[in-house]
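Spelled out, the chains give:
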Amino acid sequence: MCLAFPAKVLEIEGNLATVEHSGIKRAASLMLLPETKVGDYVLVHAGFAMQIVDRREVEEIDALKAEMNGAPRTVFELR
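This one's a predicted model, so the numbers in the text were calculated from it and none came from an experiment. (Residues numbered from 1 in each chain as written. Predicted model: local features only at pLDDT ≥ 70, side-chain atom pairs only at ≥ 80, totals over all residues. Heavy atoms only, no water.)

1. Details of the overall build of the protein
As a reminder, the rule being used: A helix here means a DSSP run of H or I that spans at least four residues, while a strand means a run of E at least two residues long, and both kinds are numbered starting from the N terminus. Residue exposure (1.4 Å probe, protein chains only): buried if accessible area is under 20% of the type maximum, exposed if over 50%, otherwise partly exposed. Here a residue-residue contact requires only that any non-hydrogen atoms of the pair lie within 4.5 Å. For the accessible areas, the method is Shrake-Rupley and the probe is 1.4 Å, while residue cover comes only from the protein chains on display.
Secondary structure assignment for the protein yields 2 helices and 5 strands. If you list the helices and strands of the protein from N to C, you get β-β-β-β-β-α-α. A total of 79 residues make up the protein; the buried ones form 28% of that total. Across the protein, the fraction of contacts at a sequence separation of at least 24, relative to all contacts at a separation of at least 6, is 29%. For the protein, the exposed area adds up to about 5400 Å²; of that, 57% sits on carbon and sulfur atoms.

2. Examining the pairing of strand β1 (residues 5-13)
Selection rule: Between any two strands, pairing holds if DSSP finds at least two bridges.
Across 4 bridges, β1 lies against strand β4 (residues 41-45) in antiparallel orientation. When the bridges of β4 are listed, Lys8 appears paired with Tyr41. Where β1 meets strand β2 (residues 16-21), 5 bridges bridge the pair, whose relative direction is antiparallel. Each bridged residue has a counterpart across the sheet, and for Glu11 the counterpart in β2 is Thr18.

3. A word on the environment of Ala49
By secondary structure assignment, the location of Ala49 is in strand β5 (residues 48-53). Once the C-alpha coordinates of Ala49 and Ala7 are considered, the two residues, 42 residues apart in sequence, prove to be 9.0 Å apart. Residues contacting Ala49, with those up to four places away along its chain left out, are Ala28, Ser29, Leu30, Leu32, Leu33, Val42, Leu43 and Val44.

4. Some words on the pattern of salt bridges
This is how it is decided: Any carboxyl oxygen of Asp or Glu that lies within 4 Å of a side-chain nitrogen of Lys or Arg is treated as forming a salt bridge with it.
On inspection of all chains with the given rule, the structure shows 2 salt bridges. Arg55 is the salt-bridge partner of Glu59, the closest N and O atoms lying 3.7 Å from each other. Highlighted residues: Glu59 and Arg55, both in helix α1 (residues 55-68), separated by 4 residues, approximately one helical turn. Take Arg55: its relative accessible area is 41%, and that puts it in the partly exposed class.

5. What to know about a nonpolar patch on the surface
Note the threshold: Each patch groups residues whose relative accessible area exceeds 30% and which form no salt bridge, using 9 Å between like charges and 5 Å between nonpolar side chains of Val, Leu, Ile, Met, Phe, Trp and Tyr.
Together, Met31, Leu32, Phe48 and Met50 line one region of the surface with nonpolar side chains, adding up to about 410 Å² of accessible area. Mapped onto the elements, Phe48 comes out in strand β5. For Phe48, a relative accessible area of 33% corresponds to the partly exposed category.

6. Observations concerning the nonpolar core
The following threshold applies: Residues belong to one nonpolar core when they are buried, are Ala, Val, Leu, Ile, Met, Phe, Trp, Tyr or Cys, and are joined through side-chain atoms within 4.5 Å.
Ala7, Val9, Ala17, Val19, Ala28, Leu30, Leu33, Val42, Val44 and Ala49 form the largest nonpolar core, which has 10 residues in total. Counting residues per element, the ones that place at least two in this core are β1, β2 and β4. Apart from the residues within four sequence positions on either side, Leu30 is in contact with Ile12, Asn15, Ala17, Thr36 and Ala49.

Read these as spatial facts, not as claims about activity.
This is how it looks when you write it as structure tokens:
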């Protein structure tokens, strides 16, 4: 099973972005989202930025992921 992960766009060069999540940087294609700007958050799947998301969604996704790994329930606190 593959999952998309949220990442912040740090740099853009042509159709390729450098994105970062949890301290890990990697390249992501912007061919599907040419309107992406530095500072945006995107969902990355299979090396492609698939959707622009807001910071609130990223916080919620991170909290849910932490819960799946055994952290105390926090998602209700975000709302």
